[in-house]
Amino acid sequence: EYTMPTNYIHSAPGVSGEQATVKIANNADSGSAYLTVPQLQDVTINNANDVFTWSQLDATAKKQVATTSTNSISMNIVLDEATWFGTGTYSPTGTAANNGIQQTSINKDLIDFRIDLGGTTQKSIEGQGFITGLAPTTSADSPVWISPITITVTGEYTIGTNIDSA
């Protein structure tokens, strides 16, 4: 019988408290509780370093050095009315739950995010950014609306501790 080694970071889909989660909060609402993004289908954490390339007269190959990175989080979700549109009237200092994902994107609000990796790890990936890339879609084969979401990260990722109280 195969047992997954415990040193792997893994999420356990369908197991309460073990799956990966993405949480967002309006940065202007200091101390706000995070809104857990529901119906998460997948998530990708991207860290792409830019590279400066040059040629030298004394070399047969180009030289390269890593420069700043472009960080982003991408995911797909099944749309939930309360999370997508919010639970109240939009306010620049309102909570993420009140404003909703769509209005937070439209108003270009800076958000705080935290990705709890799931499984047995107590680590999370955190940062700040903006919600972009919304493209809700439905089809004859899909009875629900789904949308990609991108969080364009401003600055660096930080490694945090997965705590449920945030």
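Here, every reference points to the structure presented above.
Residues numbered from 1 in each chain as written. Predicted model: local features only at pLDDT ≥ 70, side-chain atom pairs only at ≥ 80, totals over all residues. Heavy atoms only, no water.

Following the criterion strictly, the structure yields two aromatic pairs and no others. Summarising the aromatic geometry, the rings of Phe-113 and Tyr-157 are spaced 6.4 Å apart at their centres and angled 85° between planes, so their arrangement reads as edge-to-face. Residue Phe-113 is found in strand β5 (residues 111-116), and its partner Tyr-157 is found in the loop between β8 (142-153) and β9 (158-161); the two are separated by 44 residues along the sequence. With respect to burial, Phe-113 and Tyr-157 carry one shared label: buried. (Phe/Tyr/Trp six-rings, centres within 6.5 Å; stacked < 30°, edge-to-face > 60°. Helix = DSSP H or I, 4+ residues; strand = E, 2+ residues; numbered from the N terminus. Buried < 20%, exposed > 50% of the residue type's maximum accessible area, 1.4 Å probe, protein only.)

Time to look at unusual backbone geometry. Even without being glycine, Gln-39 reaches a positive phi, approximately 50°. Looking at where Gln-39 falls in the secondary structure, it is placed in the loop between β2 (35-36) and β3 (40-54).

Because each turn of an α-helix spans 3.6 residues, side chains separated by three or four positions in sequence point in the same direction. Three or more residues of helix α2 (residues 96-106) are buried, namely Ala-96, Asn-98, Asn-99, Gly-100, Ile-101, Thr-104 and Ser-105. With its phi angle positive at about 55°, Lys-108 sits one or two positions after the end of α2.

Moving on, we get to the pairing of strand β1 (residues 21-26). Among the six residues of β1, six are classified as buried, and the element is accordingly described as predominantly covered. In β1, alternate side chains face the same way, and those of Thr-21, Lys-23 and Ala-25 on one face and Val-22, Ile-24 and Asn-26 on the other are all buried. As judged from the six bridges shared by β1 and β5, these two strands associate in the antiparallel manner. Bridge pairing links Asn-26 to Ile-111 in β5. Sheet analysis places β1 next to β2, joined by two bridges and oriented antiparallel. Pairing of Lys-23 across the sheet is with Thr-36, part of β2. (Pairing = 2+ DSSP bridges.)

With respect to the secondary-structure elements, Ile-45 resides in strand β3. Sequence separation between Ile-45 and Met-75 is 30 residues, and the spatial gap between their C-alpha atoms is 8.9 Å.

The next point concerns the nonpolar core. For soluble globular proteins, the rule of thumb is that nonpolar side chains tend to be buried together. Ile-24, Ile-73, Met-75, Ile-101 and Phe-113 are the most contacted members of the largest nonpolar core, which has 20 residues in total. Elements represented by at least two residues in this core include exactly β1, β4 (63-78), α2, β5, β6 (123-132) and β8. What Met-75 contacts, discounting residues up to four positions off in sequence, is Val-22, Val-37, Leu-40, Asp-42, Val-43, Ser-147, Pro-148, Ile-149 and Ile-151. (Core = buried A, V, L, I, M, F, W, Y, C linked by side-chain atoms within 4.5 Å. Contact = heavy atoms within 4.5 Å.)

It is worth spelling out the environment of Asp-50 at this point. Assignment of secondary structure puts Asp-50 in strand β3. Counting along the chain gives 19 residues from Asp-50 to Ser-69, while the straight-line C-alpha distance between them is 5.5 Å. Beyond its immediate chain neighbours, meaning those up to four positions away, Asp-50 contacts Val-65, Ala-66, Thr-67, Thr-68, Ser-69 and Thr-70.

Within this structure, the stated rule accounts for two salt bridges. In this structure, Lys-23 engages Asp-116 in a salt bridge whose closest nitrogen and oxygen atoms are separated by 3.5 Å. With Lys-23 in strand β1 and Asp-116 in strand β5, this residue pair connects regions lying 93 residues apart in the sequence. With relative accessibility at 9%, the residue Lys-23 sits in the buried group. Residue Asp-116 is classed as buried on the basis of its relative accessible area of 2%. A salt bridge links Arg-114 to Asp-116, with the nearest nitrogen and oxygen atoms 2.8 Å apart. In this structure, Arg-114 and Asp-116 share a single accessibility class: buried. One salt-bridge network, held together by shared partners, links Lys-23, Arg-114 and Asp-116. (Salt bridge = Lys/Arg side-chain N within 4 Å of Asp/Glu carboxyl O.)

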